[in-house]
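Breakdown of the fold
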Amino acid sequence: SVVIWAILFGVFKIVSVASIIAAIFLPVFALIFQKSIFVVLFCVLICIVGTYKHKANIKRLLRGEEKRLI
């Protein structure tokens, strides 16, 4: 997920976009690498909480107001 975050940040220059998408990929990678169901569920929980915490960022992204880092 860190690699996904770095690639997306490099492309979009928006931290919240990279963070949200990396969080979404976390449980996917746990499944791909055949981690235990507990690890997968923990990753799903992290994904949900992390995405929820970015609620304000998502609203700004939809309005086109989220700032990019140069």
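Above: the structure in question.
Overview of the structure. (Residues numbered from 1 in each chain as written. Predicted model: local features only at pLDDT ≥ 70, side-chain atom pairs only at ≥ 80, totals over all residues. Heavy atoms only, no water.)

1. Here's the deal with unusual backbone geometry
- Positive phi, normally seen in glycine, also occurs at Lys-13, with a value near 60 degrees.
- Positionally, Lys-13 belongs in the loop between α1 (2–12) and α2 (15–32).
- When its relative accessible area of 32% is taken as the criterion, Lys-13 is described as partly exposed.
- Even without a glycine there, the phi angle at Gln-34 is positive, about 55 degrees. (Helix = DSSP H or I, 4+ residues; strand = E, 2+ residues; numbered from the N terminus. Buried < 20%, exposed > 50% of the residue type's maximum accessible area, 1.4 Å probe, protein only.)

2. Considerations on the packing of aromatic side chains
- As enumerated under the stated definition, the model contains 3 aromatic pairs in all.
- Arranged with centres 5.1 Å apart and planes meeting at 10 degrees, the rings of Trp-5 and Phe-9 form a pair that is stacked. Taken together, the positions of Trp-5 and Phe-9, both in helix α1 and 4 residues apart, correspond to about one turn of that helix.
- Aromatic side chains Phe-29 and Phe-33 sit 6.5 Å apart centroid to centroid with 45 degrees between the ring planes, which places their arrangement in the tilted category.
- Residue class for Phe-29 comes out partly exposed when judged on its relative accessible area of 23%.
- Three or more aromatic residues joined by ring pairs form one cluster here, namely Phe-25, Phe-29 and Phe-33. (Phe/Tyr/Trp six-rings, centres within 6.5 Å; stacked < 30°, edge-to-face > 60°.)

3. Describing the environment of Lys-59
- Its place among the elements puts Lys-59 in helix α4 (residues 55–63).
- In this structure Lys-59 comes out as partly exposed when scored by relative accessible area, which is 48%.
- It is 22 Å that separates the C-alpha atoms of Lys-59 and Val-44, two residues lying 15 residues apart in sequence.

4. Points about the environment of Val-44
- Within the secondary structure, Val-44 sits in helix α3 (residues 37–53).
- A relative accessible area of 32% places Val-44 in the partly exposed class.

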